[in-house]
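Understanding the architecture of this molecule
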Amino acid sequence: MKGAEAIIKALEAEGVKIIFGYPGGAMLPFYDALYDSDLVHILTRHEQAAAHAADGFARASGEAGVCVSTSGPGATNLVTGIATAYADSSPVIALTGQVPTKLIGNDAFQEIDALGLFMPITKHNFQIKKPEEIPETFRAAFEIATTGRPGPVHIDLPKDVQDGEIDIEKYPIPAKVDLPGYKPKTVGHPLQIKKAAKLIAESERPVILAGGGVIISGASEELLRLAEFVKIPVCTTLMGKGCFPEDHPLALGMVGMHGTKAANYAVTECDVLIAIGCRFSDRVTGDIRYFAPEAKIIHIDIDPAEIGKNVRADIPIVGDAKNVLRDLLAALIALEIKDKETWLERIYELKKLSIPMMDFDDKPIKPQRFVKDLMEVLNEIDSKLKNTIITTDVGQNQMWMAHFFKTKMPRSFLASGGLGTMGFGFPAAIGAKVAKPYANVISITGDGGFLMNSQELATISEYDIPVVICIFDNRTLGMVYQWQNLYYGQRQSEVHLGESPDFVKLAESYGVKADRIISPDEIKEKLKEAILSNEPYLLDIVIDPAEALPMVPPGGRLTNIVQPIRVEPKIKKPQFDEIKKIRDMAAVKEF
Amino acid sequence: MGGNIKFLEAMVDFLERNVKTIFSYPGEQILPLYNEIEGSSIKNIMVRDERGAGFMADGYARITNYIGVCLATAGPGATNLTTPIATAYKDNSSVLAITGRCQRKYIGKNYFQEVNMDFLNFYKGYFVDKAEVSYIAKAFADCLFNKKPVQLNIPVDLYKEEAKDINITTYTDIYKDDETPSNNIKEIDVKKPLFLIGQGIFGTLSYKEIVKISKILEKINCPIATTFPARGVINEKLENCIGLVGRRGDLKSLLEADKIINIGSSLSYNTYVESVREKLLSKTENIQLKPKSIKELKEFFENLDVKNSSWIYKNSNKFQPSGDYSNKIYEIIKNIPEDAIIVTDAGKHTVFTCLLKTCVIPRNIISSHSFGTMGFGLPASIGVKFGTIDFNIDREVVLISGDGGFLMNVEELQVVAENNLKILMVVMKNNSLAEFCKIKNPNFNKIADAFEIDNCYIENVDEIGSEIKGYLKKNKPLLVVVETENEPLPKPNI
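Note that the structure is a prediction, hence the values are computed from the model and not measured.

1. Comments concerning the overall build of chain B
Along its length, chain B carries 18 helices and 21 strands. Taken against the 2.2 N^0.38 rule, which gives 23 Å for 494 residues, the C-alpha radius of gyration of chain B at 23 Å falls within 12% of a compact globule. Projected onto its principal axes, the C-alpha coordinates of chain B cover approximately 70 × 60 × 40 Å. Counting across all 494 residues of chain B, residues that qualify as buried make up 66%. At a minimum sequence separation of 6, the contacts of chain B that also span at least 24 residues come to 78%. For chain B, the accessible area works out to roughly 17,100 Å², and carbon and sulfur atoms hold 46% of it. Distance from the positive charge centre (60 side chains) to the negative charge centre (62 side chains) of chain B: 3 Å.

Take a look at the structure:
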């Protein structure tokens, strides 16, 4: 059997049925073998989109997503996507072609040191030097990617390894691989759990801070039971959105820089903070000195490296969230729970203060109004949002959605958190739709972020992948614009995106249906049409560029929520004739 | 000078003295610098993806033989530069990548968009941890004199510190030429000598000097061959010019020569293909020459004594267009000015362009020649265009791309449109990805409409001439979609 065939057999043995990729010379044997296999290959139009799609697939399904590229520029094009997956603990398998083994290191055509390149942005990487290594390496790669704290794993595949012969009888795919030094700890220490249970039982003002680890672990059920049993309010990180139903009375919403007032105040006032599967990024904590200043902190995380890294942990518990929460609940059942009624009254009061005004009729459309109508349409179609997946891009669109959109299910709100990758949303939606073909997948993106991977309109058109793209079109890099208005004396520097492209025309040029939404009263109608069409669809929503979210200044206290300054955009974009005039006037300087 | 100058001001002052254009995309960690540049004399071109910024800086560097500068924020802004910086590295291009970083105290601490930045240091990177202008000067010097991309990574809290070394205004103060040129060669006494010229011959010459090299080389009385990126350094119409050698060029001349004098070629596998590599290396003499002025180059060749001047090599294997694809490429080449700067992407169109174009001037063709980067063409052509504007290079810019490569950075059409860049953009639409598969293409003409760019669609080779003539009379960009049948490439030398 050829090495390339062995690779495909290994993928199939892992349950992989669909991969995302872009072919090239160094991957020729693999693509040749792919032709005869049952694996479905989705050709993206850029390798970066293949990586993001595999990431979206992984986040939506919980299974490993697979992306493939050739050597050199194919591999380097994966870097952003893999780094995004790594920052958010997403199990992606990245396969790269490589020049033949004897040419490695000789600066051959399309050669790059892929191993060195991917090492800092992957959980692990391999370079296969002999076809015999293929079965065991792939088993190890999938094991590492999907267990413990998940993360991307890279496999570098020299062309001659793909072409080489392997005796599959002698080198079968092992049922188990021994990985010395890799033993993720999944069960929490019983003594620590008892301590935590005691602390929670005796607490007066507890808060749960739930991160992405709850979703990855599949611990939503346990979280709900814990919160309801003890009556602990729950806030989430951006990555944790969806792990707790946000229409629940105990739900506080997202915490942090763009978090809700209820969440930010609750965390600041609590006496016990139960942090589950989160990493305390700066976007969550703000000024560390004033983060949960009066609280004892219980930190539950599967990655011991994260505990105590940014925030002190009074009771650290290393383990898988699902296991730990189950054990914690068992320990709590045996204890007398102190009454928390006073705290809950405070919480409900804070929640009332946090109810946002969303019923605007203004033109251009307020983002709050769009999110409200989107929620109503989606809940009408799918009342428990069981078959609904939202992906966001990075920027104001992400924060509008994170702040206002109420999720109900885990793996239903996919966003680039740690790396904050613009351009992530649309290809991730493609991956999510492939992973969950019966879900309604909505890609919420900005005009800047959408344009970065707009070539993927060709992919959804070719494969007829019915993703609905909603562009928050304010012709502005809104997040940067907001920062400039707040912190740089309203100097709006190079953030205006201009009047073109016409996104409706752009989508139609790819054969994708499209429409523009200008007026608030047409939002619901057009959203329904797009979602229920079961076809790829793009909606260009003309959004008020001057609208901004309240935010906590970077490094500030969570209770210092600054209200936005409304500043109209100042268009300052010289035309080329103006540029020529300037050039003509300036003396040409020889360098 | 009196008063305390912040590093931010000092840095922008340095950039103003040494840079005309920066290609950038804003983000949180570079906002202070971004805003300061906006108030300076530097032209800041906002791209639509950091990938585009990297490729534009690369195209700019190649045509001007100076530094191309791109600016990107931390995290994904920087990772998006990976492919362009790798491309610049493989092709020896002077790209300076200025990247953002969070405050120093947050490095490695789960800060938003914080990631280890070493991945961009294919050649070298500077993490700037002191507010010294000399860091910038060193980065400039490294970038320009070594013809390699350099990363300048600056944490955001450094900008407000008091600047040191503010007397440094340019990079030449910093540069020390470590390499002593060992040009011991004075005479060449073999019967059949051959000069192999690579792009290293450009050294740090200005563009105006580069175009004068051909006049020096035409006087050499022995055959002169070039690598791909150096094509046009000697006009290929001249009698002593062999033209391109290697994978897609002549091989017999290299084999027939008694000695090969290499000036400026890194002797990649594209030039010395594997099957004859050892044989060629054994008779190659490498000249270390990085000219800083045309005078230096002139003196070098004048002092060279080439005996046995009777050897003339005739390259008799010129490729002739035979199918639909190559005929259309040839028709394009015939109708554009012979000195047009042709930027290509990666794919079949690049090979046909390479085989059919007679290069008469340096940088007649600009390609991702060592990395084969799809998506290079459109943003690189934009960077080339800005380079021609800044350096008063009166040459047309023509992009010849395939359909797959063009789509990869299609968002940069916005930069073409809003700056009204006169670039002839040709998409060779054959609806296929090399030998791998057929692809369904969008309607490229409608895409151009969406960006408000003039466009036309061509099926017959006869239509090409009139469209190009019309374009040349105007002062605006044009997208030309050329429907073409597939055609196999001639076999390369391996």
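2. Some remarks on the domain arrangement of chain A
All names here are of chain A. For chain A, the domain assignment lists domain 1 (3-163), domain 2 (190-353) and domain 3 (367-542). Between the C-alpha centres of domain 1 and domain 2 the distance comes to 37 Å. At the boundary of domain 1 with domain 2, total buried surface from both sides reaches about 520 Å², with 62% on carbon and sulfur atoms. For the pair domain 1 and domain 2, the interface holds 2 salt bridges. The salt bridge partner of glutamate 306 is arginine 149, with a shortest N-O separation of 2.9 Å. For the side of domain 1 that touches domain 2, the residue count by class is 2 nonpolar, 2 polar and 3 charged.

3. A look at the side chain of glutamate 487 of chain B
Residues and elements named next belong to chain B. Along the chain, glutamate 487 falls in the segment after strand S21 (478-483). Lysine 348 provides the closest opposite charge to the buried, salt-bridge-free glutamate 487, at an N-O distance of 7.9 Å. Within the structure, the side chain of glutamate 487 is placed 3.2 Å from the backbone nitrogen of glycine 323, a separation counted as a polar contact. Looking at glutamate 487, its side chain comes within polar contact range of the main-chain nitrogen of tyrosine 325, at 3.2 Å. Setting aside chain neighbours within four positions, we find glutamate 487 in contact with Ser322, Gly323, Asp324, Tyr325, Ser326, Lys348 and Phe352.

4. What to know about the sheet that holds strand S1 (residues 21-24) of chain B
All names here are of chain B. Taken together, 6 strands build an open sheet; the order of strands is S2-S1-S3-S4-S6-S5 and the sheet is parallel. Only two strands of the sheet have a single neighbouring strand rather than two, namely strand S2 (43-46) and strand S5 (124-127). Ignoring strand direction, the axes of neighbouring strands in this sheet form an average angle of 25°. Across 4 bridges, S5 lies against strand S6 (residues 150-155) in parallel orientation. Each bridged residue has a counterpart across the sheet, and for tyrosine 126 the counterpart in S6 is leucine 152. On the sheet, helix H2 (residues 31-38) packs against S1, S2, strand S3 (68-72) and strand S4 (95-101) and is oriented at approximately 125° with respect to S2.

5. Thoughts on the domain arrangement of chain B
Residues and elements named next belong to chain B. One can read the domain layout of chain B as domain 1 (7-161), domain 2 (187-306) and domain 3 (324-483). Taking only C-alpha atoms, the centre of domain 1 and the centre of domain 3 are 28 Å apart. On the domain 3 side, the residues contacting the 25 residues of domain 1 number 32 residues. In total, domain 1 and domain 3 occlude about 2,300 Å² of area from one another, counting both sides; carbon and sulfur atoms represent 65% of this.

6. Some thoughts on the pattern of salt bridges
Inspection of the entire model under this criterion finds 57 salt bridges over all chains. Across the pair lysine 476 of chain B and aspartate 454 of chain B runs a salt bridge whose closest N-O atoms are separated by 3.5 Å. Within this pair, whereas lysine 476 of chain B is found in the loop between helix H18 (463-473) and S21, its partner aspartate 454 of chain B is found in strand S20 (residues 454-458), the two being separated by 22 residues in sequence. One connected set of salt bridges, linked through shared partners, spans Arg149, Asp303, Glu306 and Lys309 of chain A.

7. Examining unusual backbone geometry
For the bond running from lysine 363 of chain A to proline 364 of chain A, omega is -10°, close enough to zero to count as cis. Considering the arrangement of structural elements, one finds proline 364 of chain A in the loop between helix H15 (341-354) and helix H16 (367-381). With a phi close to 45°, asparagine 420 of chain B is a non-glycine residue in the positive phi region. Relative to the helices and strands, asparagine 420 of chain B is located in the loop between helix H16 (413-418) and strand S17 (424-429). A residue is classified by how much of its surface remains accessible, and asparagine 420 of chain B, at 30% relative accessible area, is partly exposed. Phi at glutamate 452 of chain B takes a positive value of approximately 60°, unusual for a residue other than glycine. Positionally, glutamate 452 of chain B belongs in the loop between helix H17 (444-450) and S20.

8. Description of the sheet that holds strand S14 (residues 413-414) of chain A
Residue and element names in this part refer to chain A. On the basis of which strands lie adjacent, the open sheet formed by 6 strands has the order S14-S13-S15-S16-S18-S17 and parallel pairing. Strand pairing shows two members of the sheet lacking a second neighbour, S14 and strand S17 (513-517), which therefore form its edges. As paired strands, strand S15 (residues 440-446) and strand S16 (residues 468-473) are joined by 5 bridges and run parallel to one another. Bridge pairing links isoleucine 442 to valine 468 in S16. Helix H23 (residues 523-532) contacts S15, S16, S17 and strand S18 (537-542) of the sheet and is inclined by roughly 165° relative to S18.

9. As for the side chain of aspartate 287 of chain A
Inspection of the secondary structure puts aspartate 287 of chain A in the loop between helix H13 (282-285) and strand S11 (296-301). Residues within four places of aspartate 287 of chain A in sequence aside, it is in contact with Gly555, Gly556 and Arg557 of chain A.

10. Looking at the interface of chain A and chain B
At the junction of the two partners, chain A supplies 84 residues and chain B supplies 78 residues. Inspection of the region where chain A meets chain B yields 2 salt bridges. Taken together, the residues that form the side of chain A that touches chain B break down as 34 nonpolar, 28 polar and 22 charged.

11. Describing helix H14 (residues 377-390) of chain B
Residue and element names in this part refer to chain B. The terminal C-alpha atoms of H14, which comprises 14 residues, lie 20 Å apart, in line with the 20 Å expected from a rise of 1.5 Å per residue. Burial analysis of H14 places 14 of its 14 residues in the buried class, which makes it a mostly covered element. Where H14 terminates, the next one or two residues include asparagine 392, which has phi positive at roughly 50°.

12. Some words on the UniProt feature "binding site: thiamine diphosphate" in chain A
The UniProt record annotates "binding site: thiamine diphosphate" at Glu47 of chain A. Filtering out sequence-adjacent residues up to four positions away, glutamate 47 of chain A remains in contact with Tyr22, Ser69, Gly74, Asn77 and Leu78 of chain A together with Met408 of chain B.

13. Here's the deal with the packing of helix H12 (residues 324-335) of chain B against helix H13 (residues 348-356) of chain B
Residue and element names in this part refer to chain B. Contact geometry for H12 and H13: axes closest at 9 Å, N-to-C directions at 55°. Between H12 and H13, the crossing angle belongs to the class labelled oblique. As for how H12 packs across H13, the hand of that crossing is right-handed. On the side of H12, the interface is formed by Tyr325, Ser326, Ile329, Tyr330 and Ile333, while H13 contributes Lys348, His349, Phe352, Thr353 and Leu356. Within the contact of H12 with H13, the residues separate by chemical class into 6 nonpolar, 3 polar and 1 charged.

14. Topic: the environment of histidine 403 of chain A
You can see histidine 403 of chain A is positioned in helix H17 (residues 396-404). If sequence neighbours within four positions are ignored, histidine 403 of chain A has contacts with His258, Gly259, Thr260 and Leu549 of chain A.

15. As for the packing of helix H12 (residues 261-269) of chain A against H15 of chain A
Residues and elements named next belong to chain A. It is the contact of H12 with H15, at a shortest axis distance of 8 Å, that shows an interaxial angle of 150°. Here H12 lies roughly antiparallel to H15, going by the angle between them. Considering how the two elements wind past one another, H12 and H15 form a crossing that is right-handed. Here Lys261, Ala262, Tyr265, Ala266 and Glu269 of H12 lie close against H15, whose contacting residues are Trp343, Arg346, Ile347, Leu350, Lys351 and Ser354.

16. Some points on the environment of glutamate 331 of chain B
Residue and element names in this part refer to chain B. Mapped onto the elements, glutamate 331 comes out in helix H12. In the structure, glutamate 331 is positioned 144 residues away from asparagine 475 in sequence and 22 Å away in space, judged by C-alpha atoms. Filtering out sequence-adjacent residues up to four positions away, glutamate 331 remains in contact with Val461 and Ile464.

17. Notes on H13 of chain B
Among the 9 residues in H13 of chain B, 9 count as buried, and that is most of the element. Among the residues of H13 of chain B, those classed as buried are Lys348, His349, Thr350, Val351, Phe352, Thr353, Cys354, Leu355 and Leu356 of chain B.

About the thresholds
- Residues numbered from 1 in each chain as written.
- Chains lettered and ligands numbered in written order.
- Predicted model: local features only at pLDDT ≥ 70, side-chain atom pairs only at ≥ 80, totals over all residues.
- Heavy atoms only, no water.
- Helix = DSSP H or I, 4+ residues; strand = E, 2+ residues; numbered from the N terminus.
- Rg over C-alpha atoms; globule rule 2.2 N^0.38 Å.
- Buried < 20%, exposed > 50% of the residue type's maximum accessible area, 1.4 Å probe, protein only.
- Contact = heavy atoms within 4.5 Å.
- Areas by Shrake-Rupley, 256 points an atom, 1.4 Å probe, with all protein chains shown as cover.
- Lys, Arg positive; Asp, Glu negative; His and termini not counted.
- Charge placed at Lys NZ, Arg CZ, Asp CG, Glu CD.
- Domains from an automatic or database assignment.
- Buried area = accessible area lost by both parts, 1.4 Å probe.
- Salt bridge = Lys/Arg side-chain N within 4 Å of Asp/Glu carboxyl O.
- Nonpolar A, V, L, I, M, F, W, Y, C, P; charged D, E, K, R; others polar.
- Polar contact = N/O pair within 3.5 Å; in protein donor to acceptor, adjacent residues only side chain to side chain.
- Pairing = 2+ DSSP bridges.
- Axes fitted to C-alpha atoms, helices over the stretch in contact; angles between N-to-C directions.
- Expected span 1.5 Å × (residues − 1).
- UniProt positions renumbered as here; feature names shortened; annotations may be inferred.
- Parallel < 35°, antiparallel > 145°, perpendicular 65-115°, else oblique.
- Left-handed = near helix turned anticlockwise from the far one by under 90°.

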